[in-house]
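If you want the building blocks of each chain, they are given just below.
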Amino acid sequence: MKFTYNKTEKLKNEKAIGKLFTEGQSISAYPLRLVYLKNETIGLKVGVSVSKRNFKKAVDRIMIKRLLRENYRLNKNMLIDNNIYGYSFMILYIGKEKPDFKLLNTKMKALFSKFKVHISNI
């Protein structure tokens, strides 16, 4: 398995993002929230977001987004190993303080395991 985050995996379509937030469901593992929606595409589509309200400086938001993308890239095997395809994800950072890599890594694993349990119950 390749640990990549290709252009085909990125959630960029404005209509798809709008539909994700209007019709999607969410789960949380503070300071992360995962908004997801079953879509008609075959692969995973993932986007990340950080609130401008909590982090005024663009430098801080960009750093957190990079950490989120890297943690997704390293932990997406948790989703792929369980054959979870055809979903759109938006990973939101909802905390108010700057995170470090270790914290985000443990929370991302917790978030994905919560998601797997939630999907298996449906």
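Scope of this entry: the structure provided in the associated data block. Everything quoted here is computed from the prediction, not taken from an experiment. Every chain is numbered on its own, with residues counted from 1 as its sequence reads. For this predicted model, a pLDDT threshold of at least 70 governs which residues receive local features, and a threshold of 80 or more governs which side-chain atom pairs are given and counted, while totals over whole chains, interfaces and linings are taken from all residues. To obtain the side-chain values, all non-hydrogen atoms of the structure were included, while hydrogens and water were left out.

## Focus: the layout of surface pockets
Residues are called lining when one of their atoms sits within 4 Å of a cavity or pocket point, these points coming from a 1 Å grid over the protein atoms alone, where a cavity is a set in which a 1.4 Å probe fits but cannot get out and a pocket is an open set with protein on both sides within 12 Å along at least five of seven lines. Grid points are joined across faces, edges and corners, and a volume is the space filled by probe spheres set on the points. The calculated volume of the largest pocket comes to roughly 230 Å³. Lining the largest pocket are 15 residues, and of these Ala16, Asn39, Glu40, Thr41 and Ser88 sit closest to its centre. The element that contributes the greatest number of residues to the lining of the largest pocket is helix α1 (residues 14–23), accounting for 4 residues. Classes in brief: Ala, Val, Leu, Ile, Met, Phe, Trp, Tyr, Cys and Pro nonpolar; Asp, Glu, Lys and Arg charged; the others, Gly included, polar. Residue composition of the lining of the largest pocket, by class: 4 nonpolar, 4 polar and 7 charged. The volume enclosed by the second largest pocket comes to roughly 150 Å³. Forming the walls of the second largest pocket are Thr8, Glu9, Thr41, Gly43, Leu44, Lys45, Lys76, Ile80 and Tyr85. Split by residue class, the lining of the second largest pocket holds 3 nonpolar, 3 polar and 3 charged. Secondary structure elements are taken from DSSP: a helix is a run of H or I of four residues or more, a strand is a run of E of two residues or more, and numbering for both begins at the N terminus.

## Observations regarding the environment of glycine 24
Looking at the secondary structure, you find glycine 24 in the loop between α1 and β1 (25–29). To sort residues, take the accessible area from a 1.4 Å probe on protein chains only and compare it with the maximum for the residue type: under 20% means buried, over 50% means exposed, and anything in between is partly exposed. By relative accessible area, glycine 24 is classed as partly exposed at 26%. Separated by 66 residues in sequence, glycine 24 and methionine 90 place their C-alpha atoms 9.8 Å apart. With near-sequence residues (within four places) excluded, glycine 24 lies in contact with Lys19, Tyr36 and Leu37. Two residues form a contact once any of their heavy atoms are found within 4.5 Å.

## Here's the deal with the side chain of asparagine 105
When you line up the elements, asparagine 105 lands in helix α4 (residues 101–121). The exposure class assigned to asparagine 105 is buried, which follows from its relative accessible area of 18%. Under this definition, polar contacts are N or O atom pairs within 3.5 Å; protein pairs additionally need one hydrogen-donor-capable and one acceptor-capable atom, and for neighbouring residues in sequence, both atoms have to be side-chain atoms. At 2.8 Å, the side chain of asparagine 105 forms a polar contact with the side chain of asparagine 75. Once you skip the residues sitting within four places of it in the chain, asparagine 105 turns out to touch Asn71 and Asn75.

## Examining a positive patch on the surface
Without a salt bridge and with relative accessible area above 30%, a residue can belong to a patch; like charges are then joined within 9 Å and nonpolar side chains (Val, Leu, Ile, Met, Phe, Trp, Tyr) within 5 Å. A 1.4 Å probe and the Shrake-Rupley method give the accessible areas. Residues count as covered only by the protein chains that appear here. Counted as salt bridges are all cases of a side-chain nitrogen of Lys or Arg within 4 Å of a carboxyl oxygen of Asp or Glu. In this tally, Lys and Arg are treated as positive and Asp and Glu as negative; His is ignored, and so are the chain termini. Taken as the charge centre is NZ of Lys, CZ of Arg, CG of Asp or CD of Glu, depending on the residue. There is a patch of like positive charges on the surface, built from Lys7, Lys10, Lys12, Arg66 and Arg69. In this structure, arginine 66 sits in helix α2 (residues 58–75).

## Comments concerning the packing of aromatic side chains
Within 6.5 Å between ring centres, the rings of Phe, Tyr and Trp (the latter by its six-membered ring) count as paired, and their orientation is classed by plane angle as stacked under 30 degrees, edge-to-face over 60, tilted in between. Under the criterion given, the structure shown has 8 aromatic pairs. Look at tyrosine 36 and phenylalanine 115: their rings are 4.9 Å apart centre to centre, the planes differ by 75 degrees, and that puts the pair in the edge-to-face class. Of the two residues, tyrosine 36 is situated in strand β2 (residues 32–38) and phenylalanine 115 in helix α4; the sequence distance between them amounts to 79 residues. Ring-pair connections join several aromatic residues into one group, and the members of that group are Tyr36, Tyr87, Phe89 and Phe115.

## Here's the deal with the pattern of salt bridges
A full pass over the atoms with the stated rule returns 3 salt bridges. When the shortest N-O distance is used, the salt bridge between glutamate 9 and lysine 76 registers 2.8 Å. Of this pair, glutamate 9 sits in the segment before α1 while lysine 76 sits in the loop between α2 and α3 (77–80); the two residues are 67 residues apart in sequence, bridging distant segments of the chain. For glutamate 9, a relative accessible area of 11% gives the class buried.

As far as function goes, none of this settles anything; it's purely spatial.
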